[in-house]
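The residues making up each chain are set out below.
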Amino acid sequence: MQYKILFLLLVLQLSLAKSFAQNKKAKEGSLSAAQWATIFDKYIQEGLAMWQTPGLSVVVVKNGEIVLKKGYGVQNIADNVPYTTSTLSTCASTTKAMTAVCMSMLIDEGKIKWTDKVSDILTEFKLSNPYVTEEITVKDLFTHNTGLGNADLLWVFGYSREEILKRMSYVPMAYSLRSSFVYQNLMYITAGEVIRKVSGKSWEDFVMERLFTPLGMTNTYASYSKIPATAAKTSSHHKDKNDNDKIKPFPY
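This one's a predicted model, so the numbers in the text were calculated from it and none came from an experiment.

Some details on the overall build of the protein
- The secondary structure content of the protein amounts to nine helices and five strands.
- Counting from the amino terminus, helix and strand elements in the protein follow one another as α-α-β-β-β-α-α-α-α-α-α-α-β-β.
- Within the span of the protein, comprising 252 residues, buried residues form 31% of the whole.
- Considering only residue pairs separated by 6 or more positions, the protein has 57% of its internal contacts joining residues 24 or more positions apart.
- Surface accessibility of the protein: about 16400 Å² in total, with carbon and sulfur atoms responsible for 57%.

Things to note about the packing of aromatic side chains
- Tallied over the full model, the rule gives three aromatic pairs.
- Seen in terms of ring centroids, W114 and F142 are 5.6 Å apart; in terms of plane orientation they differ by 85°. Their pairing is edge-to-face. Separated by 28 residues along the polypeptide, W114 in the loop between α3 (94-108) and α4 (118-121) and F142 in the loop between α5 (130-135) and α6 (153-156) bring together distant segments of the chain.
- A residue is classified by how much of its surface remains accessible, and W114, at 31% relative accessible area, is partly exposed.
- Here F142 falls in the buried class, since its relative accessible area comes to 13%.

Structural notes on the pairing of strand β1 (residues 55-62)
- For β1 and strand β2 (residues 65-76), the ladder comprises eight bridges, and the chain directions are antiparallel. Bridge pairing links G55 to G73 in β2.
- Between β1 and β2, which follow one another and run antiparallel, lie two residues, and N63 among them has a positive phi close to 55°.

Points about the packing of α3 against helix α8 (residues 186-199)
- Two elements in contact, α3 and α8, have axes whose closest approach is 10 Å; the angle formed by their N-to-C orientations is 30°. Judged on the interaxial angle alone, α8 and α3 are roughly parallel. Like other packed secondary-structure pairs, α3 and α8 cross with a definite hand, here left-handed. Contact residues: K96, T99, C102, M103 and L106 in α3; Y188, A191, G192, V194, I195, V198 and S199 in α8.
- Here the residues of the contact of α3 with α8 sort into eight nonpolar, three polar and one charged.

Structural notes on the nonpolar core
- Counting residues in each nonpolar core, the largest one holds 38 residues, and the members touching the most others are M103, F125, I136 and M168.
- Taken together, the elements giving at least two residues each to this core come down to α3, α4, α7 (161-167), α8 and α9 (203-212).
- For this core, the element with the highest residue contribution is α8, accounting for seven residues.
- Sequence-distant contacts of M103, defined by excluding residues within four places in its chain, comprise I112, W114, V138, F142, A191, V194 and I195.
- With six residues, the next largest nonpolar core counts I44, L48, V58 and L68 among its residues.

Things to note about unusual backbone geometry
- At H144, a residue that is not glycine, the phi angle is positive and equals roughly 60°.
- Position of H144 among the secondary structure elements: in the loop between α5 and α6.
- By relative accessible area, H144 is classed as buried at 11%.

Points about the sheet that holds β2
- Here three strands make up an open sheet; going across it, the order is β1-β2-β3 and the pairing antiparallel. Only two strands of the sheet have a single neighbouring strand rather than two, namely β1 and β3 (81-82).
- As paired elements, β2 and β3 share two bridges and run antiparallel to each other. When the bridges of β3 are listed, V74 appears paired with P82.
- Against the sheet, helix α2 (residues 33-51) makes contact with β1 and β2, and its axis sits at roughly 20° relative to β2, the strand it touches most.

As for the pattern of salt bridges
- Inspection of every chain in the model, using the stated rule, returns 14 salt bridges.
- E193 is paired through a salt bridge with R196; the nearest N and O atoms lie 3.0 Å apart. A residue pair is termed a helical-turn pair when its members lie 3 or 4 positions apart in one helix, as E193 and R196 do in helix α8 at three residues.
- By relative accessible area, R196 is classed as partly exposed at 30%.
- Here K248 makes a salt bridge to D243, at a shortest N to O gap of 3.1 Å.
- A relative accessible area of 25% means that K248 is categorised as partly exposed.
- What emerges from the salt-bridge pattern is a single network uniting E109, K111 and R210.

Cut-offs applied
Residues numbered from 1 in each chain as written. Predicted model: local features only at pLDDT ≥ 70, side-chain atom pairs only at ≥ 80, totals over all residues. Heavy atoms only, no water. Helix = DSSP H or I, 4+ residues; strand = E, 2+ residues; numbered from the N terminus. Buried < 20%, exposed > 50% of the residue type's maximum accessible area, 1.4 Å probe, protein only. Contact = heavy atoms within 4.5 Å. Areas by Shrake-Rupley, 256 points an atom, 1.4 Å probe, with all protein chains shown as cover. Phe/Tyr/Trp six-rings, centres within 6.5 Å; stacked < 30°, edge-to-face > 60°. Pairing = 2+ DSSP bridges. Axes fitted to C-alpha atoms, helices over the stretch in contact; angles between N-to-C directions. Parallel < 35°, antiparallel > 145°, perpendicular 65-115°, else oblique. Left-handed = near helix turned anticlockwise from the far one by under 90°. Nonpolar A, V, L, I, M, F, W, Y, C, P; charged D, E, K, R; others polar. Core = buried A, V, L, I, M, F, W, Y, C linked by side-chain atoms within 4.5 Å. Salt bridge = Lys/Arg side-chain N within 4 Å of Asp/Glu carboxyl O.

Shape is all these values report; function is a separate question.
What follows is the structure in structure tokens.
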């Protein structure tokens, strides 16, 4: 056991020494942007192999200049179509950051406040605990600590936002308000509905008009249904437990 500990300490020491040496080189400016890009490119390729990731794309921008822009791997391992910098992939939970930015815009414009009660804005918003329903603020929608348990199957199964809001009232509370943490998608759906109610625009339209269009994101879509049929897009993949964890694609 002692030998194992000594070995681990030696590995840690060597790793720290290497890290300090690299930082020193970086500070001295011994590596150019192109050299850093080459190192990072190798790092990404090693990461793909380690994590068994079929494909991804990366762009690195420094001082307004593109240092690295490249696609790696494939869109779908079944047909090996290359993953390019134009390949569409799922925004997934990065939309949480987008939703927070959109709400912040409305707050900056004086149309809503972080401290406003959600139930005053959305009368259809109800949880199983009446007190919690009345106390939840706009800010609470973004902090994953409202007390609502994990009920993500409501959106996984494709219910409408209106139906999700109705069914949330039947979900038991997992803990008292702001006393713990459960990662939430349903509260962000609720935040999107608050944006709709306050702005008069759907979440999709608001994101497109206030974020994507001004930023020139012409190949980004707020809804899967809006993606052109001819667009290059990645497939979802999973490990098949019944086939030695082999990576396989499956329909969106």
